[in-house]
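Chain residues, written in single-letter form:
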2 protein chains.
Amino acid sequence: MEHLIEKTLAKEKIFSGKVIEVYVEDVQLPNGKTSKREVVKHPGAVAVIPVTNEGKVVLVRQYRKAMERVLVEIPAGKLEKGEEPLATAHRELEEETGYRCGPMRHVVSFYTSPGFADELIHLYVAEQLTKVENAASLDEDEFVDVLEVTLEEALALLERQEIYDAKTAYALQYLQLQRALGAKHE
Amino acid sequence: MEHLIEKTLAKEKIFSGKVIEVYVEDVQLPNGKTSKREVVKHPGAVAVIPVTNEGKVVLVRQYRKAMERVLVEIPAGKLEKGEEPLATAHRELEEETGYRCGPMRHVVSFYTSPGFADELIHLYVAEQLTKVENAASLDEDEFVDVLEVTLEEALALLERQEIYDAKTAYALQYLQLQRALGAKHE
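In this text, all values refer to a predicted model and were calculated from it rather than measured experimentally.

1. A closer look at the domain arrangement of chain A
Residues and elements named next belong to chain A. Taken domain by domain, chain A holds domain 1 (2-41) and domain 2 (45-185). Here domain 1 and domain 2 have C-alpha centroids that lie 31 Å from each other. With six residues of domain 1 at the contact, the number on the domain 2 side is five residues. At the boundary of domain 1 with domain 2, total buried surface from both sides reaches about 390 Å², with 48% on carbon and sulfur atoms. Among the residues domain 1 hides against domain 2, the three largest losses belong to V19, V40 and K41. Together they make up 75% of the total. On inspection of domain 1 and its partner domain 2, the count reaches two salt bridges. Taken together, the links from domain 1 to domain 2 amount to two residue pairs in polar contact (both at pLDDT 80 or more). Here the side of domain 1 that touches domain 2 is composed, by residue class, of three nonpolar, no polar and three charged.

2. Here's the deal with the UniProt feature "binding site: Mg(2+)" (unreviewed entry) in chain A
Residue and element names in this part refer to chain A. When the UniProt feature table is mapped to this numbering, "binding site: Mg(2+)" (unreviewed entry) covers A76, E92, E96 and E142. Spanning 67 residues, the annotated positions come together in the fold, the maximum distance between their C-alpha atoms being 11.8 Å. Turning to its location among the elements, E96 is positioned in helix α1 (residues 85-97). Here E142 is to be found in the loop between β11 (130-131) and β12 (144-149). Sequence-distant contacts of E142, that is, excluding residues within four places in its chain, are made with E95 and E96.

3. With respect to the pairing of strand β6 (residues 69-73) of chain B
Remark: a regular strand shows side chains that alternate across the two faces of the sheet. Residues and elements named next belong to chain B. Of all five residues making up β6, four are buried, and the element is well covered by its neighbours. Note: strand β5 (residues 57-64) against β6, five bridges, orientation antiparallel. Bridge assignment links Q62 to a residue of β6, and that residue is L71. Taking the residues that link successive antiparallel strands as the turn, the β5-β6 hairpin has four residues, and the phi of E68 there is positive, at about 55 degrees.

4. A short note on the relation of the copies chain B and chain A
Expressed as a screw transformation, the operator carrying chain B onto chain A has a rotation angle of 180 degrees and an axial translation of 0.0 Å, and the superposed copies differ by an RMSD of 0.0 Å. Viewed as a symmetry operation, the transformation between the two copies matches a two-fold axis. Interface overlap between copies is the fraction of interface residues in one copy that are interface residues in the other; for chain B against chain A it reaches 100%, indicating a shared surface.

5. Describing the pairing of strand β1 (residues 7-16) of chain A
Residues and elements named next belong to chain A. Pairing of β1 with strand β2 (residues 21-28) involves eight bridges; the strand directions are antiparallel. Of the residues in β2, the one forming a bridge with T8 is V27. Between β1 and β2, which pair antiparallel and follow one another directly, the connecting turn spans four residues.

6. Considerations on the sheet that holds β2(A)
Residue and element names in this part refer to chain A. One open sheet holds the three strands; their spatial order is β1-β2-β3, and the pairing between them is antiparallel. Each of the sheet's edge strands pairs with one partner strand only, and the pair in question is β1 and β3 (34-41). Averaged over all adjacent pairs, the angle separating strand axes in this sheet is 20 degrees, with direction ignored.

7. Focus on the interface of chain B and chain A
Taken together, the contact between chain B and chain A spans 71 residues of the former and 71 residues of the latter. Between chain B and chain A, the buried area comes to about 6300 Å², and carbon and sulfur atoms account for 67% of it. Linking chain B to chain A there are four salt bridges. Taken together, the connections running from chain B to chain A amount to 31 residue pairs in polar contact (both at pLDDT 80 or more). Taken together, the elements giving at least two residues each to the side of chain B that touches chain A come down to β1 (7-16), β2 (21-28), β3 (34-41), β5, β6, β9 (105-111), β12 (144-149) and α3 (166-185) of chain B.

8. What about the packing of aromatic side chains?
All names here are of chain A. Enumeration over the complete set of coordinates arrives at four aromatic pairs over all chains. With a centroid separation of 5.4 Å and an interplanar angle of 70 degrees, the aromatic rings of F110 and Y170 are classed as edge-to-face. Linking F110 in strand β9 (residues 105-111) with Y170 in helix α3 (residues 166-185), this pair joins segments that are 60 residues apart in sequence. Its relative accessible area of 1% is what places F110 among the buried residues. Since its relative accessible area comes to 6%, Y170 is described here as buried. Geometry around Y23 places K11 over its ring, the cationic atom sitting 4.9 Å from the centre.

9. Details of the sheet that holds strand β7 (residues 76-78) of chain B
Strand pairing within a sheet occurs via backbone hydrogen bonds; the two strands may be parallel or antiparallel. Residues and elements named next belong to chain B. Here we have four strands laid out as an open sheet, ordered β7-β4-β10-β9, and mixed in their pairing. Edge positions in the sheet fall to β7 and β9, since each of these pairs with one other strand and no more. Averaged over all pairs of adjacent strands, the angle between their axes in this sheet comes to 20 degrees, without regard to strand direction. Examined bridge by bridge, strand β4 (residues 45-50) and β7 share three bridges and lie antiparallel to one another. Residue pairing across strands places A47 opposite A76, the latter belonging to β7.

Rules of the game
Residues numbered from 1 in each chain as written. Chains lettered and ligands numbered in written order. Predicted model: local features only at pLDDT ≥ 70, side-chain atom pairs only at ≥ 80, totals over all residues. Heavy atoms only, no water. Domains from an automatic or database assignment. Contact = heavy atoms within 4.5 Å. Buried area = accessible area lost by both parts, 1.4 Å probe. Salt bridge = Lys/Arg side-chain N within 4 Å of Asp/Glu carboxyl O. Polar contact = N/O pair within 3.5 Å; in protein donor to acceptor, adjacent residues only side chain to side chain. Nonpolar A, V, L, I, M, F, W, Y, C, P; charged D, E, K, R; others polar. UniProt positions renumbered as here; feature names shortened; annotations may be inferred. Helix = DSSP H or I, 4+ residues; strand = E, 2+ residues; numbered from the N terminus. Buried < 20%, exposed > 50% of the residue type's maximum accessible area, 1.4 Å probe, protein only. Pairing = 2+ DSSP bridges. Least-squares fit on C-alpha atoms with pLDDT ≥ 70 in both. Axes fitted to C-alpha atoms, helices over the stretch in contact; angles between N-to-C directions. Phe/Tyr/Trp six-rings, centres within 6.5 Å; stacked < 30°, edge-to-face > 60°. Lys NZ or Arg CZ within 6 Å of the ring centre and 35° of its normal.

Structural data, given as structure tokens:
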């Protein structure tokens, strides 16, 4: 892979915020020339596909400042320092939806925007959902509506671009694939 | 949705780079309290699922500075100012793989990281691939290897986390789903 690698010549921290850090790096390209790379550092996150005993998907509607609009997404949240992704997943599910679940199943992990950011998302499926009486509460700057919809209803939300993000699109396609594979074996 | 919306009270531009802009915004939350949001603005991008006449997927291997590692991804690239996504998709396919294709089919569009960035990716399928003699060349700071693999080989790369990003994971699952649905109709 040596013929692809970029060497870091210098690295300047531009910004250090609550969530992200931003760097500009001078790199030496494989052909010896130099260029600049803009890099966003992110703590990483988890997302959960919660499926109720009735086969519905639990989604959250929330305002997203980056797009200045409301989006419907699967429950998700940033990793806290030193927290295991699976623990984050259970915490976020309870905080955002009021549900606890049986053992979660890891589906996939992926970088969301490898061109400019190192955010890594770990995706889990949660089943055997039970409502919690005194659920852990949201962060004080989080406001969400909880929706429970069928897969068909969720796909209609995707069609209407109310669902409009990569992890949720992946999650719905995952449920479609499971159903299609299940149907084949029937 | 009024009960979810955050009002912008102030907006400070932190950084304006080649690719991204970074803002810190003061917002009024639905409950009247204030908070800060960190927002990365991105021009948007396209990604292409190129499938050869033999049913292989064309992938590119490249170095990603944000993760400081080599990743295997479907061909993709940023939107140029004023360029239609479909035109970008044809251009990037040719630049990165040396292939032209028949009419592309739009699969889905999604925000990659709605928690902190507005990057929107438009995903297309490209078939009827033909190698171009004098293909448009890569940007001068781009270096890629081209791979042609079966879906099974691509899924093995995902398993080994050589494929490790959302758009490519979505693309492989899309091909799995098409195959599963096709198999059902046989």
